[in-house]
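# Understanding the architecture of this molecule
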Amino acid sequence: MKNKVVTFIKKEKVLVLLVGVAILLISSGIYIGYIQNNRVIISKAINNITTKIEDKYLMKYEDIGTMDNYTLTSKVNFSIESDYLKQLSISSPEYLVYLNLINNLSKTDNQLIFKQDKDNEKLFIDYKSTYNSNELISYKYLIENNTEYYYLKGFLDNYINNGTSNYFETLKNNETNRENIKYVYEVFINSFKDNLKKEYFTKKGEKVEIAGKEKTLQKVTLELDNNRLIDIFTHILEDLKKDEKANKILTGIDNDFKDKKVSKKTTYLDKDQKLIFSAYVDNLTYKIKKYQLDIVAKDDCNTITYEVDKQDILNIYENKTLVISSLITYKENQIIMDIKDKYKNSIGQILIKNENNSYQISVNIQKDDVNFNFSITQNLDNIKKNKSYNSKLNIIGLISSQNSVLASIKIDADNKVSTGAEINENTDTATFAKDLDYDKQQQLQQVFTNIFTQLMS
């Protein structure tokens, strides 16, 4: 009897072991089948790229809090120069108007006031620009009582009623505009991935160079032409409309969103153009080692590749010929991109500094005796959570060659944001936009024509 019991126990152990092994094999097979799925691989590739951009390349903000009712005041100034355009206008007088335009823009003072009163569902924008101390443009935009209005000085003496606005429908649940945009983006990306059909994909083994060494990897490719994009975007639009929150957000931005359609005649890509996105994955782990985007048009192909290794590498090709390469180094709060030409000679650097409330992109490249120097700097300071903060944005660009300034631009924006918004505009005598006849529409167009005439004279 004892031997029978021992034998039974042994059989039970063997049975449990076999069941365990079976479950392990089945689950492993399911997992392997999942990670080998073409759509899953491409979806992961898209997620990896978007996550890296968000984590590494976008500005990091300190928690400034939430200000549903706030006022933003902004002063913007331009400074634009071009020795090249000066010389060109001497020999070709038709370019004189463009020279006048950049010179006169540098003489403008621009002020923007943006107010949002979420409690009372009001929004107000006031933009003024002066040129040589004379008023160039005065424009107002208003939302109240779910109605959109605008006013342009020199056209009519009253507001124009432009119809229904659903802007505040998008801010009902204490969400900020930034959160709303992120939500719509996530719905869009998820819908894009969900609507990729099996026939859009191919997979094959291919020899590829990674960090200077040749490896054989699995290449999973997504190929899109104009017809496929139309089909995808049609389904994305349907998904955005079905998603209640996304629908409200987009309707708040565009009152006609519910009527939007994707026409089968829409041209995203020309007849002979294709977008081909590929992910190269390890044969065993299916970890992505390289990303590739090909933009194909007839016999021409522009390619961007991004290699993921101990140090990331970005390459740009024209018809399979290397044009530009960049070795990317990630440090704490800093990205260094060393730029090289097709001969592997260093031609410059792109530097991104990204700390809390401070963001800077600096580009310094020299190519064919032309120097490109460009920088964007944004700083937040005087932050009082839920109350106020200041923001300064500076953009400087310089293109030069042989001590000659081909183009120079400088933009300074000084912004102040504070809680509270007082909006008192009179719309009692507003004119309905639908009542503007042909003569009034021509008069409106003439106001803008006069503005450009002043700047180009």
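This text goes with the structure placed above it.
Residues numbered from 1 in each chain as written. Predicted model: local features only at pLDDT ≥ 70, side-chain atom pairs only at ≥ 80, totals over all residues. Heavy atoms only, no water.

This next bit is on the overall build of the chain. When you go through the chain residue by residue, the secondary structure sums to eight helices and 20 strands. Residues classed as buried in the chain amount to 36% of the 457 residues present. Contacts in the chain between residues at least 24 apart in sequence constitute 51% of all its contacts with a sequence separation of at least 6. A total accessible area of about 28,100 Å² is found for the chain, and carbon and sulfur atoms account for 52% of it. (Helix = DSSP H or I, 4+ residues; strand = E, 2+ residues; numbered from the N terminus. Buried < 20%, exposed > 50% of the residue type's maximum accessible area, 1.4 Å probe, protein only. Contact = heavy atoms within 4.5 Å. Areas by Shrake-Rupley, 256 points an atom, 1.4 Å probe, with all protein chains shown as cover.)

Quick look at the layout of surface pockets now. Empty space within the second largest pocket amounts to approximately 840 Å³. Along the walls of the second largest pocket sit 30 residues, with Ile49, Thr50, Ile53, Phe277 and Tyr291 positioned nearest its centre. Of all the secondary structure elements, the ones that give two or more residues to the lining of the second largest pocket are α2 (38-57), α5 (177-194), β8 (213-224), α6 (226-242), β9 (273-281), β10 (288-297), β11 (300-307) and β13 (321-331). The element that contributes the greatest number of residues to the lining of the second largest pocket is α2, accounting for eight residues. (1 Å grid on protein atoms, 1.4 Å probe; cavity = no way out; pocket = protein on both sides within 12 Å on 5 of 7 lines; lining within 4 Å. Points joined across faces, edges and corners; volume = space filled by probe spheres on them.)

Before going further, it helps to examine unusual backbone geometry. The phi dihedral of Lys344 falls on the positive side, at around 70°, and the residue is not glycine. Looking at the secondary structure, you find Lys344 in the loop between β14 (334-341) and β15 (346-355). Positive phi is not limited to glycine here, since Asn357 has a value of about 70°.

Our focus in this paragraph is the nonpolar core. In this structure, Ile42, Leu123, Leu196 and Leu240 are the most contacted members of the largest nonpolar core, which totals 57 residues. One finds Tyr150, Leu152, Leu156 and Val447 within the second-largest nonpolar core, a separate group that totals 14 residues. (Core = buried A, V, L, I, M, F, W, Y, C linked by side-chain atoms within 4.5 Å.)

On to the pattern of salt bridges. In this structure the tally under the stated criterion is 14 salt bridges. A salt bridge links Lys128 to Asp126; the nearest nitrogen and oxygen atoms lie 3.0 Å apart. The class for Lys128 is partly exposed, based on a relative accessible area of 33%. Residue classification places Asp126 among the buried residues on the basis of a relative accessible area of 10%. In this structure, Glu206 engages Lys219 in a salt bridge whose closest nitrogen and oxygen atoms are separated by 3.7 Å. Highlighted residues: Glu206 in strand β7 (residues 201-210) and Lys219 in strand β8, separated in sequence by 13 residues. Classification of Glu206 as partly exposed rests on a relative accessible area of 22%. Here Lys219 falls in the buried class, since its relative accessible area comes to 13%. Each of Lys204, Glu206 and Lys219 takes part in salt bridges that share partners, so that together they form one network. (Salt bridge = Lys/Arg side-chain N within 4 Å of Asp/Glu carboxyl O.)

Tracing the backbone shows Asn424 in the loop between β19 (404-419) and β20 (431-432). Separated by 300 residues in the primary sequence, Asn424 and Phe124 have C-alpha atoms spaced 9.3 Å apart.

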